[in-house]
Amino acid sequence: MSARVCVPIRFDDSLLGYLWLLDEPRALAKPDLDTALEYTTDLGAALYRAMRLEQDHRVREQELLEQLLGLAPGEALAAAEALLSHAMLAAGTAYAVVAVAPDQAAGEGAPDEIQVRLAAALDRLRRGMPPRHLLRVLDGERIYAIVALESWEEPRARGEVLVAALEDNLASVPEWCATVGVGGPRAKLSEVRGSLAEARRAISL
């Protein structure tokens, strides 16, 4: 481990990260530190701007997903076009909806821990896919994921991966399980409300 100087990167009162400077074999002089502090001011502004843009992007993405699925007012066609044109979701051969619902014999509402475990299972599914091929949205205790498919036979395989991930993530809380429903593929993204209806019926059986 080399000797180092830690310079915090801030924007106003928000701590955004650290700039680490090696302090050997030659110790940093005061002009070096002054230069580092000057750069961290610029870095803080740039990082904060990037963070805000990312947050705005995610908020817009969720709004479009809700409109696409009919969870919020809006035209499905317009929402689909925006998701694809802004590269929020990749263009696929077809599109399907995967629904995940927590379940407990006692019928109690799912705590945050269970919701996090369900979301983590979907993230595991997403990591096994090409970038921007899965987007998810929360609807009450249920999570819906829109999957951009590369083939019409893909939904079953993706569902099996998700079931395995859920079993792993819920293994430490045996009183909880989850139900997975996979809707049939649709050729157009604007038509996935039909796939959502099928996924909902599947988890309600």
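Everything below is about the structure shown above.
Residues numbered from 1 in each chain as written. Predicted model: local features only at pLDDT ≥ 70, side-chain atom pairs only at ≥ 80, totals over all residues. Heavy atoms only, no water.

**Here we look at the overall build of the chain**
- Scanning the chain from terminus to terminus reveals five helices and six strands.
- In the chain, the succession of α and β elements from N to C terminus is β-β-α-α-β-α-β-β-α-β-α.
- In terms of overall dimensions, the chain is more spread out than a globule: its C-alpha atoms have a radius of gyration of 22 Å, far above the 17 Å expected for 205 residues.
- Dimensions of the chain, computed from C-alpha atoms along their principal axes, come out at roughly 70 × 40 × 30 Å.
- A burial count over the chain gives 35% of its 205 residues as buried.
- In the chain, of all internal contacts separated by at least 6 residues, the share reaching a separation of at least 24 is 64%.
- Roughly 11700 Å² of accessible area belongs to the chain as shown, and the carbon and sulfur atoms make up 53% of that amount.
- Averaging the coordinates of the 22 positive side-chain charges in the chain and doing the same for the 31 negative ones gives two points 3 Å apart. (Helix = DSSP H or I, 4+ residues; strand = E, 2+ residues; numbered from the N terminus. Rg over C-alpha atoms; globule rule 2.2 N^0.38 Å. Buried < 20%, exposed > 50% of the residue type's maximum accessible area, 1.4 Å probe, protein only. Contact = heavy atoms within 4.5 Å. Areas by Shrake-Rupley, 256 points an atom, 1.4 Å probe, with all protein chains shown as cover. Lys, Arg positive; Asp, Glu negative; His and termini not counted. Charge placed at Lys NZ, Arg CZ, Asp CG, Glu CD.)

**Considerations on helix H5 (residues 192-204)**
- For H5, spanning 13 residues, the distance from its first C-alpha to its last is 18 Å, which sits close to the expected 18 Å at 1.5 Å a residue.
- Residues of H5 that are buried include every one of Val192, Ser195, Leu196, Ala199 and Ile203, and no others. Seen along its axis, H5 keeps its buried residues to an arc of 105°; they face one direction. H5 presents Arg201 and Ser204 as exposed residues on the side facing more than 90 degrees away from its buried surface.
- If you follow the buried residues of H5, they end up packed against helix H1 (30-69), strand E3 (94-104), strand E5 (142-149) and strand E6 (176-182). (Expected span 1.5 Å × (residues − 1). Arc of directions from axis to C-beta.)

**A look at unusual backbone geometry**
- Notably, Asp12 is not glycine yet its phi reads approximately 55°, a positive angle.
- Position of Asp12 among the secondary structure elements: in the loop between strand E1 (4-11) and strand E2 (14-22).
- In this structure Asp12 comes out as exposed when scored by relative accessible area, which is 65%.
- One non-glycine residue, Ala87, adopts positive backbone phi at about 60°.

**Considerations on the environment of Val5**
- Secondary-structure assignment places Val5 in strand E1.
- In this structure the C-alpha to C-alpha distance between Val5 and Leu19, which are 14 residues apart in sequence, comes to 8.2 Å.

**Describing the pairing of E3**
- Of all 11 residues that make up E3, 10 are buried, and the element is covered over most of its length.
- In the sheet, E3 pairs with E5 via seven bridges, with the strands oriented antiparallel. Bridge assignment links Ala99 to a residue of E5, and that residue is Tyr144.
- Pairing of E3 with E6, which is carried by seven bridges, proceeds in the antiparallel orientation. Each residue of the ladder has a partner; that of Val98, found in E6, is Val182. (Pairing = 2+ DSSP bridges.)

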